[in-house]
Amino acid sequence: QVQLVESGGGLVQPGGSLRLSCGVSGFTFSRYAMRWYRQAPGKEREFVARITSGSDKNYADSVKGRFTISRDNAKNTVYLQMNTLKPEDTAVYYCYVRTLGNDYWGQGTQVTVSS
């Protein structure tokens, strides 16, 4: 079965950095686009970044220039490098894939940006 497992979240001060990872199994990872989303308390889940099977990337305007999405097909893992973090980046971060006709989400990892 398809599984997505995020890791790497935590508490960081404003201006700091974190790298999130999402390990996947149950499908041919290299063939599919992967996305990161986030959900802040009291807000709807929002798109953060996407990487295609060919490693084309796009980002939400709010993170452009600060976040970088990447993938390692040998490790079946997608990453989100987050730099210059702001308090408004505080959220639960989820990885997502649409494959085999269905939408799949990880369990999420909490990122808290606070001094």
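Everything numeric in this text was worked out from a predicted model, so none of it was measured.

Draft legend 1. Quick look at the sheet that holds strand β1 (residues 3–7). Spatially, β1-β3-β8-β7 is the arrangement adopted by the four strands of the open sheet, whose pairing is antiparallel. Of all strands in the sheet, those bounded by a partner on one side alone are β1 and β7 (67–72). Neighbour to neighbour, the strand axes of the sheet diverge by 15° on average, direction disregarded. Two elements, strand β3 (residues 18–25) and strand β8 (residues 77–82), share six bridges in a ladder whose sense is antiparallel. Directly across from R19, in β8, lies its bridge partner Q81.

Draft legend 2. Layout of the state of the cysteines. Under the defined criterion, the tally for this structure stands at one disulfide. Residue C22 pairs covalently with C95 via a disulfide, S to S 1.9 Å. Judged by the sign of its S-S torsion, about 50°, the bond between C22 and C95 is right-handed. Taken together, the residues span a long stretch of sequence, with C22 in strand β3 and C95 in strand β9 (residues 91–99) at a distance of 73 residues. There is no split in this pair, since C22 and C95 are both buried.

Thresholds applied
- Throughout this description, residue numbers start from 1 for each chain and increase along the sequence as written.
- Where local features are concerned, this predicted model is filtered to residues with pLDDT of at least 70; where side-chain atom pairs are given and counted, the filter is 80 or more; whole-chain, interface and lining totals use all residues.
- In computing side-chain properties, one takes all heavy atoms of the structure into account and sets aside hydrogens as well as water.
- The pairing criterion is simple: DSSP has to find at least two bridges between the two strands.
- Secondary structure elements follow DSSP: runs of H or I of four or more residues count as helices, runs of E of two or more count as strands, with numbering from the N terminus.
- The axes used here are C-alpha line fits, helices contributing only the stretch in contact, and every angle between their N-to-C directions lies in the interval 0 to 180 degrees.
- What counts as a disulfide here is a pair of cysteine sulfur atoms lying within 2.5 Å.
- Accessible area is worked out with a 1.4 Å probe on protein chains only. A residue is then buried under 20% of its type maximum, exposed over 50%, and partly exposed in between.

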